[in-house]
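The lines below spell out each chain.
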Amino acid sequence: MSRIKRWGVSVLVGTLLVGSLAYVYREPLVLKAVGFAIKQRFDVGPFQEISWATGQDPQGRSPDQRPPNIVLILADDLGWNDLTFGGGGVAGGTVPTPHIDSIAAQGVTFTNGYAANGTCAPSRAAIMSGRYGTRFGFEFTPTPPGMMQLAAIGPRDPGRLRESISYPDAPTERYQDMGMPASEITIAELLAEQGYQTAHIGKWHLGLDNGMAPRDQGFDQSLLMASGLYLPEDHPDVVNSKQHFDPIDRFLWAAMRFAASWNGGPAFEPDRYLTDYYTEEAVKVIEANKDRPFFLNFGTHDPHVPRMPHERFQGKTPLGYRGDAIVQLDWCVGELMKALDRLKLAENTLVVFCSDNGPVLDDGYQDGALEKIGSHRAAGPFSGGKY
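A. Local environment of the overall build of the chain. Looking only at helices and strands, the chain features ten helices and seven strands. Counting all 387 residues of the chain, 48% fall into the buried class. Carbon and sulfur atoms make up 56% of the accessible area of the chain, which totals about 19800 Å².

The following block contains the structure:
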């Protein structure tokens, strides 16, 4: 065999070997590429101090003449029967929710209020707009680019995900462009017209560009949940619950960052555990607006996966991270209620607590939620849930 032929054979064998290895390790390679690309495009800066605007009632009304303040607390994937006020609660009430219960005890419970969609983004759009997402083309929860494609090619437990259904010819849009159209009139816009100061904190998931961001949809100020981590992945105080069997989880760990965004500006790292940070900032909103009508939209992330309750709540319930996350959620509500009481605003404030959609226990994460739940039904008497 001539030298040229031997060289050609070597190149061919090498190419086949590299191609075979690339195919076998295609998912880890794609994940590395995704993580690298996101870190290049999504720069997270150091912590920055923020300041909530203060002021007086624009119409000069006395406290007893002002319209009521409104605080909307939106839980994530919580079930009707996960709260103890109705006589149920997780594991027969072993996960108490006294602060959330106090809202029901002092007010009204809506037993016939149903989520407008089975997943978070369209249901949140319905809450903000008062209309079903199907009426304005927002029927599904947006996912970051490449997420579902990766879920389709990666190895997975066949009992956990249905076979993928692909629509290769379907039109695609940028993740930032998928959301509630700017043409929709939100509750924040209506309240702003009535002289309310409006603020958003936490999860939004209704779009960021083309007039879909909170500041474009009626909110004067916005502290946005810019990604999905509660602390940096390498933080010494964090326990990372990584589910290597799940393709979506593998994608999210490659893509997620610890980040917040203030008024649509660049992302930055909060200076503490995410739930504590958002809760403390929500209290500051109440303090800053004690002398004028305000609307606070507080989008918590509990008990959505990945459930990573703060260490001071871990082990507080016999039901693992999901039970602990519900206790943490109740603590958040308690902090806001205490602030309203301290500032003597409680009697003139409507506090609305609800979940975006029905509950889900195992949402791709094996964190003990199913194994430890026993006979508890998170949805109570209702047949629905998330999805």
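B. Spotlight on the pattern of salt bridges. One pass over the structure, following the stated rule, counts 14 salt bridges. Residue Asp57 is joined to Arg61 by a salt bridge in which the shortest nitrogen-to-oxygen separation is 2.9 Å. A single burial state applies to Asp57 and to Arg61, both of which are buried. It is possible to trace a salt-bridge network through shared partners that takes in Asp76, Arg124, Lys203 and Asp356.

C. Expanded view of the pairing of strand E1 (residues 69–75). Most of E1 is tucked away: seven of the seven residues are buried. On E1, burial covers both faces: Asn69, Val71, Ile73 and Ala75 on one face and Ile70, Leu72 and Leu74 on the other are all buried. Judged from the seven bridges that link them, E1 and strand E7 (residues 349–355) form a sheet pairing that is parallel. Bridging across to E7, Val71 finds its partner in Val351. Both E1 and strand E6 (residues 294–299) contribute to a ladder of five bridges, which runs parallel. Bridge pairing in E6 places Val71 opposite Leu296.

D. Region of interest: the nonpolar core. With 54 residues, the main nonpolar core has Leu223, Leu296 and Phe353 as its most contacted residues. Among the elements that take part in this core, helix H9 (residues 320–342) stands out by supplying nine residues, more than any other. Counting residues in each nonpolar core, the second largest holds 16 residues, with Ala125, Met128, Phe136 and Phe138 among its members.

E. Structural detail: the packing of aromatic side chains. Counting across every chain of the model gives eleven aromatic pairs. Between Phe47 and Phe268 the ring centres are 6.2 Å apart and the planes differ by 70°, which places this aromatic pair in the edge-to-face class. Of this pair, Phe47 sits in the loop between helix H2 (26–41) and E1 while Phe268 sits in strand E5 (residues 267–268), and the two are 221 residues apart along the sequence. In this structure Phe268 comes out as buried when scored by relative accessible area, which is 1%.

F. Quick look at helix H3 (residues 98–106). Of the positions making up H3, those classed as buried are Ile100, Asp101, Ile103 and Ala104. Along the axis of H3, the buried residues cluster in a sector spanning 150°; they form a single face. Those residues of H3 that are exposed and aimed more than 90 degrees away from the buried face are Ala105 and Gln106. Packed against the buried residues of H3 are H9 and E7.

G. Just unusual backbone geometry, in detail. The peptide bond linking Asp302 to Pro303 adopts the cis configuration, its omega dihedral lying at -5°. Residue position: Pro303 is located in the loop between E6 and H9. Unlike most non-glycine residues, Asp77 shows phi in positive territory, near 70°. Mapping Asp77 onto the fold places it in the loop between E1 and H3. Assessed through its relative accessible area of 1%, Asp77 is described here as buried.

H. Fine view of helix H8 (residues 274–288). The end-to-end C-alpha distance of H8 is 21 Å, a good match for the 21 Å that 15 residues give at a rise of 1.5 Å each. Buried residues dominate H8, accounting for twelve of its 15 residues. Along H8, the residues that are buried comprise Leu274, Thr275, Asp276, Tyr277, Tyr278, Thr279, Glu281, Ala282, Val283, Val285, Ile286 and Ala288.

I. Seen up close, the side chain of Gln197. Among the structural elements, Gln197 can be located in strand E2 (residues 197–202). Residue Gln197 is classed as buried on the basis of its relative accessible area, which comes to 15%. Not counting chain neighbours up to four residues away, the residues in contact with Gln197 comprise Ala53, Asp220, Gln221, Asn289, Arg292, Pro293, Phe294 and Phe295.

J. How the structure looks around the packing of H8 against H9. Relative to each other, H8 and H9 sit at 20°, their axes nearing to 10 Å. Here H8 is positioned roughly parallel relative to H9, judged by the angle of their axes. Where H8 crosses over H9, the handedness of that crossing is right-handed. Contact residues: Thr275, Asp276, Thr279, Ala282, Val283, Ile286 and Glu287 in H8; Gln328, Trp331, Cys332, Glu335, Leu336, Ala339, Leu340 and Arg342 in H9. Grouping the constituent residues of the contact of H8 with H9 by class yields eight nonpolar, three polar and four charged.

K. Up close: the environment of Phe136. Tracing the sequence through the fold places Phe136 in the loop between helix H4 (120–129) and helix H5 (147–153). The buried category is assigned to Phe136, whose relative accessible area is 12%. Placed eleven residues apart in sequence, Phe136 and Ala125 show a C-alpha to C-alpha distance of 9.9 Å.

What counts and what doesn't
- Residues numbered from 1 in each chain as written.
- Predicted model: local features only at pLDDT ≥ 70, side-chain atom pairs only at ≥ 80, totals over all residues.
- Heavy atoms only, no water.
- Helix = DSSP H or I, 4+ residues; strand = E, 2+ residues; numbered from the N terminus.
- Buried < 20%, exposed > 50% of the residue type's maximum accessible area, 1.4 Å probe, protein only.
- Areas by Shrake-Rupley, 256 points an atom, 1.4 Å probe, with all protein chains shown as cover.
- Salt bridge = Lys/Arg side-chain N within 4 Å of Asp/Glu carboxyl O.
- Pairing = 2+ DSSP bridges.
- Core = buried A, V, L, I, M, F, W, Y, C linked by side-chain atoms within 4.5 Å.
- Phe/Tyr/Trp six-rings, centres within 6.5 Å; stacked < 30°, edge-to-face > 60°.
- Arc of directions from axis to C-beta.
- Contact = heavy atoms within 4.5 Å.
- Expected span 1.5 Å × (residues − 1).
- Axes fitted to C-alpha atoms, helices over the stretch in contact; angles between N-to-C directions.
- Parallel < 35°, antiparallel > 145°, perpendicular 65-115°, else oblique.
- Left-handed = near helix turned anticlockwise from the far one by under 90°.
- Nonpolar A, V, L, I, M, F, W, Y, C, P; charged D, E, K, R; others polar.

This is a description of form; function is not addressed.
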